[in-house]
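Descriptive analysis of the structure
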Amino acid sequence: MAKVILENLTKSYRKSVAVQNVNLEIKNQEFLVMVGPSGCGKTTLLRLIAGLEEPSSGRVFIGENDVTDLPPRDRDIAMVFQNYALYPHLTVFENMAFGLKLRKIPKKEIEKKILEVSSMLGIEMLLDRRPRELSGGQRQRAAMGRAIVREPKLFLMDEPLSNLDAQFRVQMRVELRKLHEKLNATILYVTHDQTEAVTLGNRIAIIKDGILLQVDTPLNLYHSPANLFTAGFIGVPSMNFFNGIIMSKENELCVAVKKCEIKIPREKEENLLPYKGKEVVIGIRPDKVLLEADPCGEARFKAFVEMTEPLGSETYVYLKWEAEKTDREGEIDRLTAVVRPSMPIQVNQELFFSFKFEDLHFFDKLSGKALDF
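Residues numbered from 1 in each chain as written. Predicted model: local features only at pLDDT ≥ 70, side-chain atom pairs only at ≥ 80, totals over all residues. Heavy atoms only, no water.

Moving on to helix H1 (residues 42-50). The buried count for H1 comes to seven of nine residues, which makes it a mostly enclosed element. Buried within H1 are the following residues: Lys 42, Thr 44, Leu 45, Leu 46, Leu 48, Ile 49 and Ala 50. One or two positions beyond H1, positive phi appears at Gly 51, with a value near 90 degrees. (Buried < 20%, exposed > 50% of the residue type's maximum accessible area, 1.4 Å probe, protein only. Helix = DSSP H or I, 4+ residues; strand = E, 2+ residues; numbered from the N terminus.)

Attention now goes to the packing of helix H4 (residues 136-148) against helix H5 (residues 166-183). Running from N to C, H4 and H5 point in directions that differ by 15 degrees, and their axes come no closer than 12 Å. Overall, the two elements H4 and H5 adopt an arrangement that is roughly parallel. The chirality of how H4 crosses H5 is right-handed. Every residue of H5 that contacts H4 at Gln 140, Arg 141, Met 144 and Ile 148 is listed here: Gln 171, Met 172, Glu 175, Leu 176, Leu 179 and Leu 183. Here the contact of H4 with H5 is composed, by residue class, of six nonpolar, two polar and two charged. (Axes fitted to C-alpha atoms, helices over the stretch in contact; angles between N-to-C directions. Parallel < 35°, antiparallel > 145°, perpendicular 65-115°, else oblique. Left-handed = near helix turned anticlockwise from the far one by under 90°. Contact = heavy atoms within 4.5 Å. Nonpolar A, V, L, I, M, F, W, Y, C, P; charged D, E, K, R; others polar.)

One broad trend across soluble globular proteins is that nonpolar side chains are buried collectively. Formed by 42 residues in total, the largest nonpolar core has its most connected members in Met 96, Phe 155 and Tyr 189. Per-element accounting of this core gives the leading share, five residues, to H4. In this structure, Met 96 is in contact with Ile 114, Val 117, Ser 118, Ile 123, Leu 127, Ala 142, Gly 145, Arg 146 and Val 149, ignoring residues within four places of it in sequence. Membership of the second largest hydrophobic core comes to 33 residues, among which are Leu 253, Leu 291, Val 317 and Leu 351. (Core = buried A, V, L, I, M, F, W, Y, C linked by side-chain atoms within 4.5 Å.)

Here strand E9 (residues 203-208) pairs with strand E10 (residues 211-216) via five bridges, running antiparallel. What sits directly across from Ile 207, in E10, is Leu 212. (Pairing = 2+ DSSP bridges.)

This next bit is on the pattern of salt bridges. Taken as a whole and judged by the stated rule, the model has 13 salt bridges. The salt bridge involving Asp 66 is made with Arg 59; its shortest N-O contact spans 2.9 Å. Where Asp 69 meets Arg 59, a salt bridge forms, and the shortest distance between an N and an O atom there is 3.6 Å. One end of the pair, Asp 69, is in the loop between strand E5 (65-66) and strand E6 (77-80); the other, Arg 59, is in strand E4 (residues 57-62), and 10 residues separate them in sequence. Looking at Asp 69, the relative accessible area reads 66%, which means it is exposed. Taken together, the salt bridges that share partners define one network made up of Lys 11, Arg 47 and Glu 53. (Salt bridge = Lys/Arg side-chain N within 4 Å of Asp/Glu carboxyl O.)

This part takes up unusual backbone geometry. For the bond running from Val 236 to Pro 237, omega is -5 degrees, close enough to zero to count as cis. One non-glycine residue with positive phi stands out, namely Asn 21, at about 50 degrees. Within the element layout of this structure, Asn 21 appears in strand E2 (residues 17-26). The phi dihedral of Asn 184 is positive, around 50 degrees, even though this residue is not glycine.

Honestly, that's just the spatial picture; any functional story needs more than this.
Quick look at the structure:
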């Protein structure tokens, strides 16, 4: 297996830029997931690594080799696609053997490899079937088997689970994690599903508009997002956002949110002091919003319940939070809270909510950059 290095990689088309100056190192034997909304450039980036697209500028290294100008067949990679890309007229065995025959691997060695890999994937009983005789999950296993038997340096996977139903996706995520551990493979996986990203990846690369915004472990992305987009994209339900103004009162720094002034602890003042007198964006995770029948906590606000969504082990509560008697009078903010299912909450009920300062995230309103503590 091998590490992958992308240096200043850019892909431009006549009227758009799909990938913008991406620098990224994928470690040897790492499972790295690229995630972002549809059309953000993640598949283009994968195709640049595979050699299916030529970069406008920049370099691609696999292992110690500069492969920027090499065709796909010379890069020692294997791809698994969203649509499986199995030859319909060949059996599963023949599909898995196809690439090995092109490399003139001896017949007995081919049979041995296919039996080992098919057993690993649980498809050894399907080797004589054609793709049309398989379920979606079985086709996906066959496509992965075809990639695995080649023993490439790098696996590239482009939304391979998106055509499966919810139950199969969960099952295949487990199988992919097991597979990675067995193969000790370097895997680059593309998806738009952040649940897939956080459950599969050792690290996650967040991409938006062709720009690599942040690369980190799932937990660090959740707890320490570097920007507004990452903060809102990672986490279910999404982070809540609202505006506040950094101000000074009685020689102490505080943040004004609607009619409430929240004191900023002395040890947190340094990063927020340059924003004195300015509006910032404040974020808080739904599970950190504290709902009570009576006011409590460091900040106290009144809201009305718009809707509840019981999910068994927890309930999502959607709140309407109106500005009162300010220059934003009539403006409505909406927040989501996560509460225990036993908490009695009714639609149109008036509630108080609060939060602790240490649970807040602050972002520059113009750049979206986190005001990192």
